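# Fold and geometry: a report
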Amino acid sequence: MTSELFSPLSLPSGQVLGNRIAKAAMEENLADDGQLPGHRLRELYRRWAAGGSGLLITGNVMVHAEALTGPAGVVLDEAAPLEPFTAWAEAARSGGGAAWMQINHPGRQVPAGMPGVVWGPSAVGLDLGRHSGRFGRPVAMTPEQIEATVARFAVTARRAEQAGFDGVEIHAAHGYLLSQFLSPLVNRRTDAWGGSLENRARMLLDVVRAVRDAVSSSFAVAVKLNSADFQRGGFDAGDARQVIGMLAPLGVDLVEVSGGSYESPAMTGRPADERTRAREAYFLDLARDLARTSPVPLMLTGGITRRGTAEDVLADGVALVGMGTALAVTPDLPDRWRHGREADRRIRPVSWSDKALASAASMAQVRHQMRRVAHGRAPRPGTHPARALLCEQGRQRGALRRYRTWLTTTRHGGATTSWAG
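Residues numbered from 1 in each chain as written. Predicted model: local features only at pLDDT ≥ 70, side-chain atom pairs only at ≥ 80, totals over all residues. Heavy atoms only, no water.

## Regarding the pairing of strand S9 (residues 167–172)
With 6 of 6 residues buried, S9 is to be regarded as a mostly interior element. Residues of S9 alternate between two faces, with Gly167, Glu169 and His171 on one and Val168, Ile170 and Ala172 on the opposite face, all of them buried. Bridging between strand S6 (residues 98–104) and S9 involves 4 bridges; their strand directions are parallel. Bridge pairing links glutamine 102 to glutamate 169 in S9. (Buried < 20%, exposed > 50% of the residue type's maximum accessible area, 1.4 Å probe, protein only. Helix = DSSP H or I, 4+ residues; strand = E, 2+ residues; numbered from the N terminus. Pairing = 2+ DSSP bridges.)

## What about the confidence of the model for the protein?
Per-residue pLDDT for the protein averages 90, and the proportion of residues at 70 or more is 91%. Below pLDDT 50 for its whole length, residues 266–279 participates in 49 contacts with residues either more than four positions away or in separate chains. Low confidence marks residues 415–421, where pLDDT is under 50. Its contacts with residues over four positions away, or in another chain, come to 13 contacts. (pLDDT = per-residue confidence, 0-100. Contact = heavy atoms within 4.5 Å.)

## Remarks on empty space enclosed by the protein
One pass over the structure, following the stated rule, counts 3 cavities of 30 Å³ or more. Roughly 50 Å³ of internal volume is contained in the second largest cavity. Glu27, Glu28, Asn29, Leu30, Ala31, Leu41, Gly59, Asn60, Ala72, Gly73 and Val74 are the residues that line the second largest cavity. Across the lining of the second largest cavity, the residue classes tally to 5 nonpolar, 4 polar and 2 charged. (1 Å grid on protein atoms, 1.4 Å probe; cavity = no way out; pocket = protein on both sides within 12 Å on 5 of 7 lines; lining within 4 Å. Points joined across faces, edges and corners; volume = space filled by probe spheres on them. Nonpolar A, V, L, I, M, F, W, Y, C, P; charged D, E, K, R; others polar.)

## Details of the pattern of salt bridges
Considering all chains together, one arrives at 20 salt bridges under this definition. The salt bridge partner of aspartate 166 is arginine 93, with a shortest N-O separation of 3.0 Å. You can see aspartate 166 sitting in the loop between helix H3 (143–163) and S9 and its partner arginine 93 sitting in the loop between helix H2 (83–92) and S6, a full 73 residues away along the chain. The shortest N-O distance in the salt bridge between arginine 209 and aspartate 206 comes to 2.9 Å. With arginine 209 and aspartate 206 both in helix H6 (residues 202–214) and 3 residues apart, this pair spans about one turn of that helix. Judged by relative accessible area, which is 38%, arginine 209 ranks as partly exposed. Residue classification places aspartate 206 among the partly exposed residues on the basis of a relative accessible area of 28%. It is possible to trace a salt-bridge network through shared partners that takes in Glu27, Arg367 and Glu392. (Salt bridge = Lys/Arg side-chain N within 4 Å of Asp/Glu carboxyl O.)

## What about the nonpolar core?
Formed by 95 residues in total, the largest nonpolar core has its most connected members in Ile170 and Leu204. If we ignore the near neighbours within four places in the chain, the residues touching leucine 204 are Ile170, Ala172, Leu178, Leu182, Val223, Val243 and Leu247. With 16 residues, the next largest nonpolar core counts Leu9, Leu11, Leu17 and Ala319 among its residues. (Core = buried A, V, L, I, M, F, W, Y, C linked by side-chain atoms within 4.5 Å.)

## Some words on the side chain of arginine 20
Along the chain, arginine 20 turns up in the loop between strand S2 (16–17) and strand S3 (21–23). Within the local environment of arginine 20, its side chain forms a polar contact with the backbone oxygen of serine 7, the two atoms lying 3.4 Å apart. Reaching out from arginine 20, the side chain makes a polar contact with the backbone oxygen of proline 8 at a distance of 3.2 Å. Beyond its immediate chain neighbours, meaning those up to four positions away, arginine 20 contacts Glu4, Leu5, Ser7, Pro8, Leu9, Leu314, Ala319, Leu320 and Val321. (Polar contact = N/O pair within 3.5 Å; in protein donor to acceptor, adjacent residues only side chain to side chain.)

## As for the pairing of S6
The element S6 is largely enclosed, with a buried count of 7 among its 7 residues. Every second residue of S6 is oriented toward a common face, with Ala98, Trp100, Gln102 and Asn104 on one face and Ala99, Met101 and Ile103 on the other, all of them buried. Where strand S4 (residues 55–57) lies against S6, 3 bridges are found, and the strand directions are parallel. Note that in S6 the partner of leucine 56 across the bridge is alanine 99. Where strand S5 (residues 61–62) and S6 come together, 2 bridges link them in parallel fashion.

## Looking at H3
For H3, with 21 residues, the first-to-last C-alpha span of 31 Å sits near the 30 Å given by 1.5 Å per residue. What H3 keeps buried is the set Gln145, Ile146, Thr149, Val150, Arg152, Phe153, Ala154, Thr156, Ala157, Arg159, Ala160 and Ala163. Glycine 164 sits one or two residues past H3 and shows a positive phi near 110°. (Expected span 1.5 Å × (residues − 1).)

This is how it looks when you write it as structure tokens:
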């Protein structure tokens, strides 16, 4: 069945994606001991690779061993062994599609009780009402820490290429560190990294330059960017348009458009100010406007589950359709679309009144599906969100013990550290 969805996409680096469907990044929380990818991640990505997507983007891989979004996160830094990542890349590329590694630093979005650092552009903590205590209190980064973090992104990108990945996606959305620097609500600096949008974008642009310099010209470099933070006075669509313009001359192949943060979880369909579509393609209206002037190809992710919606996205000028939850439930959805079929099942949205808790439960539901697929079982989208959340919390406690032991004994030899590096 002929469709633009199944036409190739040529990127500025010369890389060609086989079709216009991408498996978007979802945080798997499936790291093995040593914060490394193991059998479960290989099995999960081998299953997605067989499903027909032209591109698979991994869940966020941390560039700093002392700063994780959760204790079961994967870390690729200068000290990590490369062989597990090579095996992961091979699994992700086994179906003939491209595989990109999403690389990230959480900044202030680090759970309370985690060892390591909680950094931000400014000492502004997360405001989640009664849930604010779930996250650590950040300290403002020094210029030296900013420069060291830029270098860490470059190291991770270089090693991802060495491992066999086809590209990296730099995460500058969803309220993580680079997104925090872009936000006037979080970034209250008065130095070269604060104030004007040009200054607030400085760290992201420096990261892109450093990454581009560290990898080959044929290696894809993409950026995930919020179309808006969905918070009054925050990063908005006008800012996004300007930042895309700043990225274009730096050799960026693609900008993925998303939105929201932990404080306003628009990426799960529950923004604080209700400006996303209620059901599908949450950010399409904003992406359509950005696509009219964007000098680089755009990818849209957020709530897409049906082929008709995906084709509407492409018709509005977006180059690539990203899906996360839909592929966690139906890993072969692209092949189904190719043959005129749709998904049999979907995860029902979590409609709890507490948006922070609902967002956490939604993500736990999705990770529950990925965990089942990683163990060779069929997804079970009917799992109650409260059950998924409770099970995940139990697993996280065990992962935290393992991460703390690894960080303090393996990485730091049992020595006391100030976590200043």
